[in-house]
Amino acid sequence: MTPVVTVENLAARYGENIVFEDVSFDIFEGEIFAIVGGNGCGKTTIFKCMTGLLKPSGGRVLVRGIDPATENEEKLKTLRKETGVLFQSGALFGSMTLYDNMALVLKEYTTLPSPVIDMIIRTKLGMVRLAGCENLLPSELSGGMKKRAGIARAMVMDPVVLFLDEPSAGLDPITSEEFDILVKNINTGMGTTMIIITHQLESIFNIAHRVIMLDKDAKGIIAEGDPRELRKHSKDPRVMAFFGGGIPRHLTEHEQPEAN
Amino acid sequence: MKHPDQDYTIRTEGEKGRDVTLHLSGHLVTENIDRPMSELQSILDDYTPSQLTIDLSGIDTLDSAGAMALAKTEYDANAGSIPFKFVNVTPRIKNTMDLLNREAFAEDYTGRDRDTGILERMANVFLDIYNDFIRVMIFVGELLSAMVYSIRHPLSIRWTDSLLYIKRAGVDGLPILGLISFLIGLIIAFMSSLQLKQFGANIYVASFLAIAVVRELGPIMTAILVAGRSGSAFAAEIGTMKVNEEIDALVVMGFDPVRFIAVPKVLAAMVAVPLLTLYADLFGILGGLVVGVTGLDLTAYTYIQQTIKSITVFDIISGIVKAVVFAVLISGISCQRGFETGEGAEAVGISATSAVVSSIFLIIVADSIFAIVIHYIR
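Residues numbered from 1 in each chain as written. Chains lettered and ligands numbered in written order. Predicted model: local features only at pLDDT ≥ 70, side-chain atom pairs only at ≥ 80, totals over all residues.

1. Examining the overall build of chain B
Just so we agree on the cut-off: For helices the rule is a DSSP run of H or I covering at least 4 residues; for strands it is a run of E covering at least 2, with both sets numbered from the N terminus onward. Whether a residue is buried, exposed or partly exposed is read from the other C-beta atoms within 10 Å of its own C-beta, which are placed from the backbone; 20 or more gives buried, 12 or fewer gives exposed, and intermediate counts give partly exposed. We call two residues in contact when their backbone-placed C-beta atoms lie within 7 Å.
Looking only at helices and strands, chain B features 12 helices and four strands. Classification of the 378 residues of chain B by burial places 39% in the buried group. Long-range pairs, those at least 24 residues apart, make up 84% of the contacts in chain B with a sequence separation of at least 6.

Rendered as structure tokens:
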């Protein structure tokens, strides 16, 4: 199986501070791949390296065979067309309606006539249950709606790879679960490869096929695999603590402290 | 995975008015979707089949736009009461099509803005102006009440902030205001001298300039400059606080945002603008003096004597009173625009622009009223 994203010996540092080094992993077609870890472990830095927003200090990232840090403009344009990014805040352009936010991409990358663009946008918004909201401004949307609008914009060109940065952050549990279902449906329905940066355990267990866990002190990956398997079988106390919900598993299973 | 050449074919089997089967193959993706869509539409229009079947066995790639094209054909066929079916639908194609919302194809779909008539648009403009006026009046009430409270409880005023704003609106503006006033004085003196020279009335350039600067130009120029420099800054600062929920934080902590944020700015402007006006008057006259001495054969002493003779204490005081009123208008409307800021980065920009435009408008309106009132008082 050919990987869609390859990360080879990736290293990142801010000044003297090494965030991580020698990080390598592959992400395959149609996979929902989660990158997890505590605060400051470098999740967002890896996300930025993969989306070409940050040049790594060592190693490289290949997204569909293209290195976003070094490739020429033409290849990068092809890559941008084939990848979508959902930012944590949605990053919708506040001065534009949802329609304009989405039409911007279609007008840049295609020569489709306006009626077809209209229909694509309506269809995409319908997919994320925002039918009829074309004319709303981002400021008129709730947090959950912003995330769904963000994913609709990221999906407007039907990308092969979709990056999602903390998609469930700030959402209530029900909205978060609905969002997970949406992500899963898009993955099943369209075979989109998804790379998710997240803290949300529920979300990881619900949707991720595979996960890597980064650690701040180890400055790299400390666990990789099926999150359900990691929860059951990992012997690493840091992994146990993370997947046990922040409490070491021996406490969650046998020795839970009594409530006062 | 997308295919680089994005090619597709549609093979039609069957006769017009009878059962028709369309064999689709290749790649139906966003980039080329307008072509298969219009082709499917024209087949539907030309053949008007008694039954339409679409065979999807040859489809290599289908993204959501491709699925949309298929669903649209199904929708159109159903709308024309033509029996319709897909055959050889793979699970992947079915999953993609299941994601679609078919309501988007309806003719009476109302997601986008409907067109409004000119009367409705005009009514909306007047309604906006009326609502804006009401909001400004409410703010004036709040500001007055906060000012009265602050005067009765001087210790509640944030004097450090007031001094800071006096520095920002006043001291920091001295170089640019000095330069502009000097140049305006210079230009007016020069232009008027061209006319007055013809009658040998060189000396009256000093009188003309002194009256124009002290009564009108000094206060107006200063006010416009303060509106541009400090009014926009006040609105942007408060607007950013609003966007960052800092205003809400003040409210929940029990502070009155108007008293906490607007009063120090208004007080600072009330102190800074009159002083800046006197400074602008001085530099305007200085500009005229340069023209008088270099171009009109007047001595500096004669020019200054003529200037002093031409202006009265009433002129200077009326200029200062105007400046105080302008200061309240500029700082008040700028703070109001800041408090009215919506959400997002753009809203802050809109508030800052609106603060400057509204300030200048109010300055001109107030100046017109002053012109009439002073005429009758004098």
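2. A few points about the overall build of chain A
Counting its regular elements, chain A contains 10 helices and nine strands. For chain A, the proportion of its 260 residues judged to be buried stands at 46%. Of all intrachain contacts in chain A linking residues separated by at least 6 positions in sequence, the fraction that spans at least 24 positions is 63%.

3. Comments concerning the sheet that holds strand β4 (residues 84-87) of chain B
All names here are of chain B. The following threshold applies: One requirement defines pairing of two strands: DSSP has to find at least two bridges between them. Lines are fitted to the C-alpha atoms to define the axes, a helix being fitted only along its stretch in contact, and any angle between axes, read from their N-to-C directions, falls within 0 to 180 degrees.
Here four strands make up an open sheet; going across it, the order is β1-β2-β3-β4 and the pairing mixed. Two strands close off the open sheet at either side, each with one partner strand: β1 (8-13) and β4. Put simply, the sheet's adjacent strands are angled 20° from each other on average, direction ignored. Here strand β2 (residues 19-28) runs beside strand β3 (residues 51-62); their pairing, made up of nine bridges, is parallel. Note on β3: the bridge partner recorded for Ser25 is Gly58.

4. Here we look at the environment of Arg92 of chain B
In this fold, Arg92 of chain B is placed in helix α3 (residues 91-98). For the pair formed by Arg92 of chain B and Leu62 of chain B, sequence separation is 30 residues and the distance between their alpha carbons is 8.9 Å.

5. A look at the pairing of strand β2 (residues 17-28) of chain A
Residue and element names in this part refer to chain A. Inspection of the sheet shows strand β1 (residues 3-14) paired to β2 by eight bridges, in the antiparallel sense. Bridging across to β2, Val5 finds its partner in Ile27. The loop that links β1 with its antiparallel partner β2 comprises two residues; one of these, Gly15, has a positive phi angle of about 65°.

6. As for the sheet that holds strand β9 (residues 220-225) of chain A
Residues and elements named next belong to chain A. Reading across from one edge, β5-β6-β7-β3-β8-β9 is the order of the six strands in this open sheet, with mixed pairing throughout. Each edge of the open sheet carries a strand with a single partner, namely β5 (83-86) and β9. The average undirected angle you get between the axes of adjacent strands in this sheet is 15°.

7. Comments concerning helix α9 (residues 257-295) of chain B
All names here are of chain B. To keep it simple, the criterion reads: Multiply 1.5 Å by the residue count of a helix minus one, and that product is the helix's expected span. Given a residue, its bend is the angle between the two axes fitted to the seven residues that end at it and to the seven that start from it.
Between its terminal C-alpha atoms α9 stretches 55 Å, which fits the 57 Å expected from 39 residues at 1.5 Å a residue. Considering bend angle alone, the principal kink of α9 is centred on Val263 and spans about 35°; proline Pro264 follows within four residues of it. One or two positions beyond α9, positive phi appears at Asp297, with a value near 55°.

8. Things to note about the pairing of β9 of chain A
Residues and elements named next belong to chain A. Inspection of the sheet shows strand β8 (residues 210-215) paired to β9 by five bridges, in the antiparallel sense. If you follow Val211 over to β9, its bridge partner there is Gly225. Linking β8 to β9, which pair antiparallel, is a turn of four residues; within it Lys219 sits at a positive phi near 55°.

9. As for the nonpolar core
Rules: Core membership is restricted to buried Ala, Val, Leu, Ile, Met, Phe, Trp, Tyr and Cys residues, and these are joined into a nonpolar core through C-beta atoms within 7 Å.
In terms of nonpolar packing, the biggest core is built from 101 residues, with Met50, Ala152, Ile195 and Met213 of chain A touching the most fellow members. With sequence-adjacent residues up to four places away left out, Met50 of chain A is seen in contact with Val5, Val61, Val63, Phe163 and Ile195 of chain A. Counting 64 residues, the second-largest nonpolar core is a separate cluster that includes Phe182, Phe208, Leu209 and Ala269 of chain B.

10. Comments concerning unusual backbone geometry
Negative phi characterises most residues that are not glycine, and trans characterises most peptide bonds. Positive phi, close to 50°, is recorded for Ala91 of chain A, a residue that is not glycine. In this structure, Ala91 of chain A sits in the loop between β5 and α3 (98-109). For Asn88 of chain B, which is not glycine, the phi dihedral falls at a positive 55°. Relative to the elements of secondary structure, Asn88 of chain B occurs in the loop between β4 and α3. Looking at Asn88 of chain B, the number of C-beta atoms within 10 Å reads 13, which means it is partly exposed.

11. So, the interface of chain B and chain A
Heads up, the rule is: Gly is put with the polar residues, along with every residue not named as nonpolar or charged; the nonpolar set is Ala, Val, Leu, Ile, Met, Phe, Trp, Tyr, Cys and Pro, and the charged set is Asp, Glu, Lys and Arg.
With 32 residues of chain B at the interface, the matching set in chain A holds 31 residues. Mapped onto the side of chain B that touches chain A, the elements with two or more residues apiece are α1 (34-47), α2 (64-79), α3 and α12 (345-377) of chain B. Of the residues that constitute the side of chain B that touches chain A, the class distribution is 11 nonpolar, nine polar and 12 charged.

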